[in-house]
Each structure stands twice: as structure tokens, then as C-alpha cells.
Amino acid sequence: MSRALYRGASGIGGKPAAGYDVADEARYDPKEPSENGIGGAGGRGRKRHLAVAAVKIGVLVLAAAALVGSVAWAGSLYAGRGAAAAAAAAAASRGYRRLQEQLVTDLLDIGELAGGGVRAREAEVCVPEYENYVPCYYNVSDAVDVADLGGGVVISYERQCSREGKIACLVAPPRSYRIPVRWPSGKGFIWKDNVRISGQEFSSGSLFKRMMVEEDQISFPSDAHMADGVEDYAHQIAEMIGLRNEFNFNEAGVRTVLDIECGFGTLGAHLFQRDLLTMCIANYEASGSQVQITLERGIPAMIGSFASKQLPYPYLSFDMVHCAKCNIEWDKNDGGFLVEVDRLLRPSGYFVWTSSLNTHRALRDKENQKKWRTIRDFADSLCWEMLSQQDETIVWKKTNKLDCYSSRKSGPVLCTHDPESPYYQPLNPCIAGTRSQRWISIEHRTTWPSQSRLNSTELDIHGVHSEDFAENTANWDSMVRNYWSLLSPLIFSDHPKRPGDEDPQPPFNMLRNVLDMNAHFGGFNAALLKAGKSVWVMNVVPTNAPNYLPLIFDRGFIGVQHDWCEAFPTYPRTYDMVHADGFLSLEKHQKHRCSTLDILLEVDRILRPEGWVIIRDTAPLIEAARSVVTQLRWDARILDLDIASDEKLLVCQKPFIRKQ
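Residues numbered from 1 in each chain as written. Predicted model: local features only at pLDDT ≥ 70, side-chain atom pairs only at ≥ 80, totals over all residues. Heavy atoms only, no water.

Read from one edge of the open sheet, 7 strands run β13-β12-β11-β14-β15-β17-β16, paired in mixed fashion. Every interior strand has two partners, whereas the edge strands, β13 (559-562) and β16 (635-640), have only one. For this sheet the average axis-to-axis angle between neighbouring strands, irrespective of direction, equals 20 degrees. Here strand β11 (residues 513-516) pairs with strand β14 (residues 575-581) via 3 bridges, running parallel. Bridge assignment links L515 to a residue of β14, and that residue is V578. Running at roughly 165 degrees to strand β12 (residues 536-542), helix α12 (residues 523-530) makes contact with β11, β12 and β14 of the sheet. (Pairing = 2+ DSSP bridges. Helix = DSSP H or I, 4+ residues; strand = E, 2+ residues; numbered from the N terminus. Axes fitted to C-alpha atoms, helices over the stretch in contact; angles between N-to-C directions. Contact = heavy atoms within 4.5 Å.)

So, in C-alpha cells, the structure goes:
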């Protein structure tokens, strides 16, 4: 039977899921045979299987009988009465169908009891070595303690995903983990034990990597991250591109920023106050992760690198790309890294590069002079204009004139085939996007916030009808209002106070980091912002779904293309909520793919303790998903959305499993 939704009893924890004894972890034997690919009983399982089979046969017989009776009853209504009564009969039939569904659910619950508590075995908790496990990047058996390597050592991890050898256990938090501080307070400090960090990250030598450690927390005073403070730095960039100050970025067409190796997200946190949305990307790091700490602060981030593959974003998506001492050797790889920056930048977009290489003192060295000439000449061959140089910072502007490429004497050729959202394809040495209808200068685009409401001309570029877009927008506005009415104060409380907590400081915000597994047009994102919620959304477009990721970026949002049979490029415990609309239906039509359990195990990995999952789909798929989430120990409840709808809502909360 459905369990009541649960909220933690304190600001730093909660109780284990119902029926779970933490001592089970001590009894876990990894060599124990499995009933469901996770762990289970051996010989005694056969008797239980017989009981389950008998119960299931009984349920199917009853369900079939109920279905036949329903059809016959509805048919007699239609046959014996006129068209006027048909609507009433149809409504009655829908109500009867709901009774059938409830009957089947109740019988399944009774079957569990009759079978002596027969149910799929709950997933075991991973061993402590997996606390910060990131599949595709990290092999626990090959783990290296980076602190033992000495300062200055940079290890580059390539993304290598395999569906073989996946772990089937729940990644538990560290022993001293605490629920993150709510936004916006969490922007300024985080709990030290929530992230894996070594002593060398506390040094004051790098541009963005200064922190203050005070007992159990790490604070990020903005004026300590730059010689003149992050506000002065942002003001300097604005002046270098010809603006009065940083408040004019939106007016110049700048909304989305890609920050390469962002330190700990301080620039993104500052620009967020100026209505700029900044995505931080950095390599996987075994310790002192920029991505993990940035997300802990409530700033968008994901694991990504310029090593050898294209990033999973469309071309012509970012208005600005920023690199401050980002350890990328732009003169290497035949300029391939700069070509990737060019692919991501919109026409008239800006590349901001801050590096000690750019100082007069550094350029006295002949080797540095050679590097600088290589970068400058290659930027020229990309038709970039160097707008300004101040101290260590240089700003280039990408051209918006296509005829510039034909007038060059040398440089990369134009791509003849450039897919809009390549999924981790090798770096492409050609210039992308020049044949696209999305080749529009940022100065000529609608500015934020009107940008999120694309007009008919902009929608035509993506093959979307204005009526469909308007209907999608209205549906999501309504759904978000329904979410609030159905789920407040559990999730969307405007006053998120746990027992024992002090009154929170305004603005009150239960959620900050939100991930939408099947974003479609980005309607959920737009509706949250329209409702005045101070959240950001990682809009994910599955690789097996229609590709509307370019449309999402054109709306001024951020997102990524992803195959949900692979691990998402982030650290454990980095999202407050995961939302999935129609995702189960999408996966149902695919063959030879991973299981729902595999996907939800990954969702559990990236979800914070006491985090929420909202799944909206057809009633049969929701019922099936409920049986899977019980294996993950999530508290779950099924809610009806509309009496005339065939869809249901599965609302789940991940428990805080504490280590003893």
C-alpha cells in the first residue's frame, strides 16, 4: 500500500525508510545470490516465488473478469440509450475503470501480505568507498588519493561509459553529511563534510579557488576571489565589451554563459543576480571538485572537458564563454579547443580569457610569445575580433558576418555536416552552424526575459507551431499551480521550516537545483520562473527523444543532451528535485535498453537525501514504477491529477539513510 510522504524531522537528517534497519548494512554479504540483480535469498526464494505466482494469477483472473464486466456493462448502456446518454455512460465507465485500477492495486498489496511479505528485495547500501562515486569517470578499485600526489598535479579523466559492471546499490552520503543550507544562504557557505576536499584546495594562489574554513563549514566571501573582487571583475568585462556596467549585459544580448573551470562558481553566483545564467563545466576531480562544490552552493554545473570530445550542447548556444586561468592550453591540438568554443558561441558572442600568460612580464619569455602568437593568429582565422585587453584579461567577439569566412586566406574550413546536438562526438576541426537558421546575432535576438516566450518566427526555425507552443505553456502553468496545491507544504512550501529549526530568512526556498529528465520545450522551467520560484533547471533532452535542446537554449535556459542508460555527468547528491514527465512512456517504446531500475538507481545517486522525485505518466506505468521505487526505499504516493485524465502523479522522497 502507498506510504505517506515523509519530511525529515530535523534540518540535518531524517529517519530511514519504513521497514529498514540500518544494521542491515553490517549484515550485507556482497556474494549473496540475487533475486532481482541486487541481492536476495537463495533456496527459500522458490517457495516465495510459487506464492507470488499463485497470487499474480489470481489477480490477473480477477482483473480480466472486471474488465470483461466493464465492457459488457458499458456496451449495454450505449445500446439501450441514445447519444445523449453516451457521455454520461462514458463518464461512468471512466469512474468504473478507476475502481478497477484501485482493485488491482489493492489485490497486489494483499498478495504481498498473503505471500508472507513477498516483494522485490530492497537495494543494498554501497560500501563507503562509493560515497563520491561518479560512473563513466571513476573506478573505485583504481582510485588514487590525489592529496598524496602533491600540489599542482592535474589528472585528466576521459568520459568512458559502459553498461557492463554497473553497481546496483544505493550511494549513501558520508557519515557526517548534513542537509545543504537553503538558498540563498547556501550560496555563501556550505557544510565542509558534504564535499570531498583535501588541504591543497585551501591555498590562495589561484584566481577563483579561495575559501574560508571555519570549523564545520566553508564560506565564499565574494571579495576574496579576485584581487579587486568579483563585482569589479564583472564590471571590467562589461566595460571591455563596450557596456556602461554589468547591469547592461542583458541589453547587449548576453543571457547564457559557459564558465570553463569556474573555480567554485563565484562568478556564476554573482552574474545570477544580473539575470545571467551561467553553466560551470570542469573535469572530473577525485578531490576538491569545482563541480561538486559549485552545485552544493546552488549554482549550475556539470562535469565536462575540452579534452577530445565535443560537449553535449548544440552549436550557437552560449552568448559568452569565459575562461579564467582554466588550465586549457589553447595553442595545442591544432586550435581544436578554440574551434569548439566557436561552435558553442552565438554570432557576436564573446570569449573572455583571463590568464597570466597575457601579462607583459610573461610575454618577455620567448616560449610564451610563441604561444600567444599561435592563439592570436588562430582567433583571427576564426573571424574573431579582439575588442580589448586589460591586465590579464582579453575579450574576443565572434563575427556575425558569414562573408568573413570566404575572405580569409587560411583557417578551418566550414562544416558540411554539423549535427545540432552531438552526443560526445570527437572534436570537429571545422566551423559549425554557418548553414543554420539559428545563425542570428545576439544583438538581434529578443532580450531576457521576453526571450523565454519565443515568437512565431523563432518557433518556425525549430519546426514548432505557435498553437502547440502556447498550449504547452498554458498546460505547464496549470500543472505547476496544481503541484503547489497538491504538494504544499511538503515540497513547494513558501516557509520551509523543519521542527527544531529557526525561522528561515526570506526568500524562503525549499528547492534550488532541479533536473527535468524529459524537458521537451522547457515548459516546466518556464512555469517555475513565471511562478516566481528562485530555482534553476537542468533541462535534459534524452537522446531517444525529439531534439528540442536548441529551442531550450534559444529560450534563455540551459540544458544538456543525455542517454539515461548512462550515468549523468555529475557527483552524488547534487539535485534537490528530479522531475520526469512522459519519460516512462518514452522508454517503454524503446527496445534493448536498460531497465527502469537502472535509471532510477542513477536518479537516486544524484538526488540529495530528503530530495524529491515527481513522475507524471499513464496510470499503468506509474503503478509499475511504484513497485520499482520501493526497492530504492523511497517513500512514495500516487496522486490523481484530473478525473478525466488517464495520467497519474508518482511523488517520492528519498530518505536520509544514516550510517551507524
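With that out of the way, let us pick up helix α16 (residues 619-629). What α16 keeps buried is the set A619, L621, I622, A625, R626, V628 and V629. Looking down the long axis of α16, one finds its buried residues gathered within 165 degrees of arc, a one-sided arrangement. (Buried < 20%, exposed > 50% of the residue type's maximum accessible area, 1.4 Å probe, protein only. Arc of directions from axis to C-beta.)

Turning next to the sheet that holds strand β1 (residues 189-191). Within a sheet, neighbouring strands are paired by backbone hydrogen bonds and run either parallel or antiparallel to one another. One open sheet holds the 3 strands; their spatial order is β1-β3-β2, and the pairing between them is antiparallel. The two strands at the open ends of the sheet, each matched to only one other strand, are β1 and β2 (212-214). Within the sheet, the average angular offset between the axes of one strand and its neighbour, ignoring direction, is 25 degrees. Inspection of the sheet shows β2 paired to strand β3 (residues 217-219) by 3 bridges, in the antiparallel sense. Residue pairing across strands places M212 opposite S219, the latter belonging to β3.

In this section: the packing of helix α11 (residues 466-487) against α12. Between α11 and α12, whose axes approach to 9 Å, the crossing angle comes to 60 degrees. Relative to α12, the element α11 lies oblique. Two packed elements cross with a definite hand, and for α11 against α12 that hand is right-handed. Taken together, the residues of α12 that come into contact with α11 (itself represented by N472, W476, D477, V480, Y483 and W484) are G523, F524, A527, L528 and K530. Looking at side-chain class alone, the contact of α11 with α12 contains 7 nonpolar, 2 polar and 2 charged residues. (Parallel < 35°, antiparallel > 145°, perpendicular 65-115°, else oblique. Left-handed = near helix turned anticlockwise from the far one by under 90°. Nonpolar A, V, L, I, M, F, W, Y, C, P; charged D, E, K, R; others polar.)

What follows concerns the confidence of the model for the protein. The predicted structure's coordinates, where accompanied by low pLDDT, should not be read in detail. Mean pLDDT over the protein: 79, with 72% of residues reaching 70 or higher. Under a pLDDT of 50 for its full length, residues 1-49 has, in the predicted model, 106 contacts with residues more than four places off or in other chains. Per-residue pLDDT stays below 50 along residues 141-154; that stretch engages in 9 contacts with residues further than four places along the chain or on separate chains. (pLDDT = per-residue confidence, 0-100.)

For the bond running from W183 to P184, omega is 5 degrees, close enough to zero to count as cis. Cis rather than trans, the peptide bond between W448 and P449 has omega equal to 10 degrees. Look at C136: it is not a glycine, yet its phi comes out positive at around 75 degrees. For C136, the location among the structural elements is in the loop between α3 (83-114) and β1. Judged by its relative accessible area of 13%, C136 is buried. Residue Y424 is not a glycine yet carries a positive backbone phi of 55 degrees. For Y424, a relative accessible area of 15% translates into the label buried.

Taken as a whole and judged by the stated rule, the model has 7 disulfides. Put simply, C323 and C326 are joined by a disulfide, and their sulfur atoms are 1.9 Å apart. For the disulfide bridge between C323 and C326, the dihedral angle about the S-S bond is near -75 degrees, and by the sign convention the bridge is left-handed. We note that C323, like C326, is buried. (Disulfide = S-S within 2.5 Å.)

This brings us to the pairing of strand β5 (residues 277-282). Burial of β5 is extensive: 6 of the 6 residues sit out of reach of the surface. Going residue by residue along β5, you find L277, M279 and I281 tucked away on one face and T278, C280 and A282 tucked away on the opposite face as well. In this structure, strand β4 (residues 256-260) lies alongside β5, joined through 5 bridges in parallel fashion. For V257, the partnering residue across the bridge sits in β5 and is T278. For the segment spanning β4, helix α5 (residues 266-272) and β5, crossover handedness is right-handed. Pairing of β5 with strand β6 (residues 301-303), which is carried by 3 bridges, proceeds in the parallel orientation. (Right-handed = clockwise from strand over helix to strand, strands pointing away.)

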